[in-house]
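Here is what each chain is made of, one letter per residue.
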Amino acid sequence: MASRLIRIAPYEAENKLELSLRQAFDLLESKVRPPFPLTIPNPQEYTQLNHAILYGVLTEPHFAKIHIKYLHAIVVDGYQLFINLLVGIVNELYGKLVDLVKDQLIWVTKEMIDVSAMSINSLLVCLLRQIVGGDFSDGNLWLAFELVSLCISKWDCLLEEEPTVLTSALYTFLRLLADHCRVVSNQKLEMLRHLEIEFCVKMLREQFHLSMKIGRDLVRLLQDLVHVTEFKSIWKDLVLNPREFRTADFSDISQLYCRRTSSRYFLLRITLEMETQLRFLLTYVPLGSQKRYQTWFEKKFLFGPERESLVVDIVRFICCAHHPSNEIIQSNIIPRWAVIGWLLTYCRKNYIEANGKLALFYDWLFFNEKVDNIMNIEPAMLLMVCSLPKYIDFTHSLLEFLLLLVENYDLDLKNIITRGVSSAFDTLVRKGVVDSLDALTHYSALSPSIRVKLQNLLLNSLGKVPREVLPVDLPGHSTPSLRLRNHVWEAPPHP
């Protein structure tokens, strides 16, 4: 029997979740239509009824309200099972759902918000993750429109019951706006942009204490929107008039700089399928065998004129949300720095390459060993050192970019950034990620001006000559060995 839930090719195997929902509906169809039985279902019957009701809600919009009323009558678990099934559909089947079912999915999500269903936040987060950055297809723009509309229409309810969802939505739509505001000739985007701006400005102006929970990456996202009229005044107040936000815990932008952004926010901007493929690459694929996987990933996720912007989100994810185990670090599995190197060299647009480098170094600027994780800054260090000597221009561009950030990112708070970057270098050496900084400070093939700037940065911040920048003999042709958790890496070729 053909599925009314998903599109499925003749050669594809049936999906177990879809099959279980359809079979439950076929078995219990008479029981999910009036008149409803007055008996209380046992646990097994309750599970089957949830499956049947969900299938009916999604495939029979004309009976959806009736099905939901029956669910309200029998629910005994705060809708937990029903929400779990919805999460499974979004994670496993969303890309295959027929359009009518997608409409119903949004409708039933709103119904679950109205009844304060348990774990509704997990369903909303899964839906937010289905919005693909850099994708201007009708279906993707429709989902973004529906979800930002939902956040606005259900504002009061979400603010009272699930405020963290609004913070997740703010991160999502600020990031999407950076893409949407660069395309000016697409009429379909105009209403969506209007709603995204309305929601984000409302969050920042009325609920800044929730917005702050994003941490330092809130500043990074807002930087991309300073050219948008509605955000100019927000940026001005953020920098010059922080009291305008009327938040007791916020009196200076440096307080945001010092807040590390939770990894859960970086997961928001990559789909579950993308996350699965990246984790597979970084967990099972040996260095030297990654080319075909990278080619497949490019065609699947990065192919398209605007998809390149996803590189920024992926770099942030790899640095902050994927931390390999010691066993993988000490194996021949492709390291994170090599994947990031491939992604940065994939960039064709200068502003995306710059944003990718900023994503790579962002935690360096405000690094505090007591707050930050060394694994967030490790890929950039290894990428700079391991690219020598074969890809010396790449190392040069990264180091030059980092030093430009120190000089220009925030002139008023340059001392904080200088201290952060210096602390990052010091921690990476002290924890054994690299034996020393000699490869960067005394590598003769690197630009002398870059080496001098780096040495001055370290000298000025520490107030003394640290051991790792003392003059040493470092032949121009030598390749540094890298030590990470007592393991010696031989610098492999750049992917």
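An account of the accompanying structure is given in this report.

Basis of the calculations
- Residues numbered from 1 in each chain as written.
- Predicted model: local features only at pLDDT ≥ 70, side-chain atom pairs only at ≥ 80, totals over all residues.
- Heavy atoms only, no water.
- Helix = DSSP H or I, 4+ residues; strand = E, 2+ residues; numbered from the N terminus.
- Rg over C-alpha atoms; globule rule 2.2 N^0.38 Å.
- Buried < 20%, exposed > 50% of the residue type's maximum accessible area, 1.4 Å probe, protein only.
- Contact = heavy atoms within 4.5 Å.
- Areas by Shrake-Rupley, 256 points an atom, 1.4 Å probe, with all protein chains shown as cover.
- Phe/Tyr/Trp six-rings, centres within 6.5 Å; stacked < 30°, edge-to-face > 60°.
- Lys NZ or Arg CZ within 6 Å of the ring centre and 35° of its normal.
- Expected span 1.5 Å × (residues − 1).
- Core = buried A, V, L, I, M, F, W, Y, C linked by side-chain atoms within 4.5 Å.
- Salt bridge = Lys/Arg side-chain N within 4 Å of Asp/Glu carboxyl O.
- Polar contact = N/O pair within 3.5 Å; in protein donor to acceptor, adjacent residues only side chain to side chain.
- Axes fitted to C-alpha atoms, helices over the stretch in contact; angles between N-to-C directions.
- Parallel < 35°, antiparallel > 145°, perpendicular 65-115°, else oblique.
- Left-handed = near helix turned anticlockwise from the far one by under 90°.
- Nonpolar A, V, L, I, M, F, W, Y, C, P; charged D, E, K, R; others polar.

Moving on, we come to the overall build of the protein chain. Regarding its fold elements, the protein chain presents 26 helices and two strands. Its C-alpha atoms give the protein chain a radius of gyration of 26 Å, within 12% of the compact-globule value 23 Å for 495 residues. If you line up the protein chain on its principal axes, its C-alpha atoms span 85 × 55 × 45 Å. Across the 495 residues in the protein chain, those meeting the buried criterion constitute 56%. In the protein chain, of all internal contacts separated by at least 6 residues, the share reaching a separation of at least 24 is 75%. For the protein chain, the exposed area adds up to about 21800 Å²; of that, 53% sits on carbon and sulfur atoms.

Once that is clear, we can look at the packing of aromatic side chains. The description of an aromatic ring pair rests on the distance of the ring centres and on the angle between the ring planes. Using the criterion set out here, one finds 21 aromatic pairs in the structure. A ring pair is formed by F245 and F250, whose centres lie 6.0 Å apart and whose planes are at 75°; its orientation type is edge-to-face. Through successive ring pairs, a cluster of aromatic residues spans Y257, Y362, F366 and Y409. We note K202 situated over the ring of W155; from NZ or CZ to the ring centre the distance is 4.8 Å.

This part covers helix α23 (residues 392-408). Under the 1.5 Å per step criterion, the end-to-end length of α23 is 24 Å for 17 residues, consistent within 8% with the ideal 24 Å. Regarding α23, the residues found buried are I392, F394, T395, S397, L398, L399, F401, L402, L403, L405 and V406.

Attention shifts here to the nonpolar core. Within the largest apolar cluster, 179 residues are counted, with the highest numbers of intra-cluster contacts made by F199, F231, W364 and F425. With sequence-adjacent residues up to four places away left out, W364 is seen in contact with I377, A380, M381, M384, L402, G420, V421, A424, F425 and L428.

Time to look at the pattern of salt bridges. For the coordinates displayed, the defined rule picks out 30 salt bridges. Ionic pairing is found between E206 and K202, a salt bridge with its closest N-O pair at 3.3 Å. Residue E206 and its partner K202 are both found in helix α10 (residues 188-206); the two are separated by four residues, about one turn of the helix. Under the relative-accessibility criterion, E206 is labelled partly exposed at 45%. The salt bridge involving E306 is made with K349; its shortest N-O contact spans 3.5 Å.

Structurally, L166 is set in helix α9 (residues 163-180). According to the relative accessible area criterion, L166 is buried, its value standing at 0%. Between the C-alpha atoms of L166 and F401, which are 235 residues apart in sequence, the distance is 34 Å. Discounting chain neighbours no more than four positions away, the residues touching L166 are C151, W155, L158, L159, F199 and M203.

Its location among the elements puts T261 in the loop between α14 (254-257) and α15 (263-267). Along the sequence, T261 and C320 sit 59 residues apart, while their C-alpha atoms lie 8.7 Å from each other. Excluding residues within four positions of it along the chain, T261 makes contact with I214, G215, R216, D217 and F266. One polar contact links T261 to D217, side chain to side chain, over a distance of 3.0 Å.

This part covers the packing of helix α5 (residues 99-114) against helix α7 (residues 138-153). A pair of packed helices can be characterised by two numbers: the angle between their axes and the separation between those axes. Look at α5 against α7: their axes get within 11 Å of each other, and the N-to-C directions meet at 15°. By the criterion of interaxial angle, the relationship of α5 to α7 is roughly parallel. Regarding α5 and α7, the two cross each other, and that crossing is right-handed. Here K102, D103, I106, T109, K110 and I113 of α5 come into contact with α7, specifically with W142, L143, E146, L147 and L150. In terms of residue class, the contact of α5 with α7 is built from six nonpolar, one polar and four charged.

With that settled, consider the packing of helix α17 (residues 291-302) against helix α20 (residues 336-346). Two elements in contact, α17 and α20, have axes whose closest approach is 12 Å; the angle formed by their N-to-C orientations is 50°. Judged by the inter-axis angle, α17 sits oblique to α20. Judged by the twist between their axes, the crossing of α17 over α20 is right-handed. When α17 is examined against α20, the residues Q294, F297, E298 and L302 are found in contact with a partner set consisting of W342, L343 and Y346.

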